[in-house]
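Summary of structural features
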Amino acid sequence: MGKACIGQQPVTMTDTANPLDAWTAGKLGLAGPTFRRADLHDHQLAALRASVAWAQQHSPFYRRHLAGIDANELRRIADLQRLPFTTTDDLRRHDPPLLAVSQSAISHVVSLETSGTSGPPKRLYFTPEEQAATRDFFAHGMRLPARPGDRVAILFPGARPGSVGDLLAAALEDLGATPILAGWPADPAATAALLRRERPDVVAGAPVATLAVARHSAAGGQAPLAVRSVLLSADHVAGSLRRSLAELWGCEIFEHYGMTEMGLGGGVDCAAHAGYHLREHELLVEIVDPASGAPVLPGQPGEVVFTTLQRRGLPLLRYRTGDLSRLLPGTCACGSPLARLARLSGRLGAGVDLGDGRRLTIADLDEALFALPGIIDFTATFQSGPPPALHLAVSYLAGRGSPTAIRAALADSPALPSGLPLTLTLSSAGRLHGRSGKRTILEAARP
Ligand SMILES: [Zn+2]
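How each quantity is defined
Residues numbered from 1 in each chain as written. Predicted model: local features only at pLDDT ≥ 70, side-chain atom pairs only at ≥ 80, totals over all residues. Heavy atoms only, no water. Buried < 20%, exposed > 50% of the residue type's maximum accessible area, 1.4 Å probe, protein only. Helix = DSSP H or I, 4+ residues; strand = E, 2+ residues; numbered from the N terminus. Pairing = 2+ DSSP bridges. Donors = N, O, S within 2.8 Å, 3.2 Å for Na, K, Ca; no water. Tetrahedral: all angles 85-135°; square planar, octahedral: opposite > 155°, others 65-115°. Salt bridge = Lys/Arg side-chain N within 4 Å of Asp/Glu carboxyl O.

Digging into the pairing of strand β2 (residues 122-126)
- Within β2, four of the five residues are buried, which leaves it mostly tucked inside the rest of the structure.
- By the bridge criterion, five bridges tie strand β1 (residues 108-112) to β2 in an arrangement that is antiparallel. Counterpart to Val-110 in the pairing with β2 is Leu-124.

Next up, the structure:
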């Protein structure tokens, strides 16, 4: 009897196969173009045990946090549920330290301030190997929107070594593309002019910043830029923003999900655009009930929790992200065995309390406002009542902003109660308000 078991052989992939499959197979020590879930689970379980043991031995925080846990007693992935969660507060407090290597082994530190929160920022620490692993994920994940030979404009900050723009530029060189590191488009008109000169095939950027550049690139009746595909990351993507961008550039839009805590890279959608294919050999993703912490049934929504499987600098075991999503059932149309995370449905506790039992989020405002063709950016400040009031500072393309249109778009939004007092400040400078990262509704103190 031959050893081959035909029934378990992976389906032969066509040239539309997901490039992350062969990459993941290679990381599992397999030669094939893809892998089986059983192979991945074996790897994840072994890596989980090693991560738990490493954290207990080397991280002062996890030595205490995981007291009484025996890594060798983890016999299946589901045994992960015996581990307590790690929270944002644990990370922010950093006492005892989570760090599991000496400071001299760290090559990159990121401090994350959280708006509306006082106290120390979250600090994430990465070793050179972990930075290289992220670059490697980018180099393979970017094969979904980009191809060798492409020119790829990067609209993320990239001046600092190890920053997202810097890693992405290096990754694009790895895959044989030419990076054009435009950096954060603080002046989107200038970045639009740069893109007009450089003629990129692909653009990667944060959603609002990328739409701002696209709108400036088409302002004043200029011929539209021909961009084949766009990769959006770093913040939620409103449907209205996605539609506007696709129409302006005639591009296919890919989305990436990740956060600094994940080592920047988490998952990316394929040409089927049916969920983010996860970086599963390095991240174990669970969905839990936010209230009870218990795992939800397969396919049900809840809070995204992840465990790093390879990180030795600052491992995170069962880290609660606060993001709400679900793992999609079934196999993707691309045939990949990689699990898929659905587009986020929101964030825990996000938004402001309207006082009538409803909450208003920045995503609600994005949906309403980016449907208007002249909007570049806005900030929203909410004052709780009674009565509550909302103030919007809106940046728009010269000649394309109208308070009447903005008020009408908000009046049509099902998320805003009619009669909510609204004040507007308009600027025709067409600039971005914020730096890169997640946007939010600010809360003003009551006078
Ligand atoms: Zn797919």
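Details of the sheet that holds strand β5 (residues 202-205)
- Here eight strands make up an open sheet; going across it, the order is β4-β3-β5-β6-β7-β8-β9-β13 and the pairing mixed. Each having just a single partner strand, β4 (178-181) and β13 (340-341) make up the two edges of the open sheet.
- In terms of strand pairing, strand β3 (residues 151-154) meets β4 through four bridges, oriented parallel. Residue pairing for β4: Ile-154 is matched across the bridge by Leu-181.

Considering the coordination of the zinc ion
- The zinc ion binds to the protein through Cys-270 (SG), His-277 (NE2), Cys-332 (SG) and Cys-334 (SG), with metal-donor distances spanning 2.1 to 2.3 Å.
- Considering all four donor atoms around the zinc ion, the spread of angles at the metal, 104 to 114 degrees, places the coordination shape in the tetrahedral class.
- You can call Cys-334 buried: its relative accessible area is 14%.

Describing the sheet that holds strand β12 (residues 319-325)
- The antiparallel open sheet is built from four strands, whose spatial order is β10-β11-β12-β14. In this open sheet, the two edge strands, each paired with only one partner strand, are β10 (283-288) and β14 (346-347).
- In this sheet, β14 lies alongside β12 in antiparallel orientation, the contact comprising two bridges. The partner of Leu-324 across the bridge, within β14, is Gly-346.

Notes on the pairing of strand β18 (residues 389-396)
- Most of β18 sits out of view: six of its eight residues are buried.
- Where strand β17 (residues 375-383) and β18 come together, eight bridges link them in antiparallel fashion. Note that in β18 the partner of Thr-381 across the bridge is His-391.
- As defined by bridge partners, β18 adjoins strand β19 (residues 422-427) across six bridges and the pair is classed as parallel.

Digging into the pattern of salt bridges
- A full pass over the atoms with the stated rule returns 24 salt bridges.
- Between Arg-82 and Asp-79 there is a salt bridge; the shortest N-O distance is 3.6 Å.
- Between Arg-243 and Glu-367 there is a salt bridge, and its shortest N-O distance comes to 3.6 Å. Linking Arg-243 in helix α9 (residues 239-249) with Glu-367 in helix α10 (residues 362-369), this pair joins segments that are 124 residues apart in sequence.
- Exposure remark for Glu-367: the relative accessible area of 34% places this residue in the partly exposed category.
- Shared partners join several salt bridges into a network, and the residues in it are Asp-235, Asp-366, Asp-377 and Arg-439.

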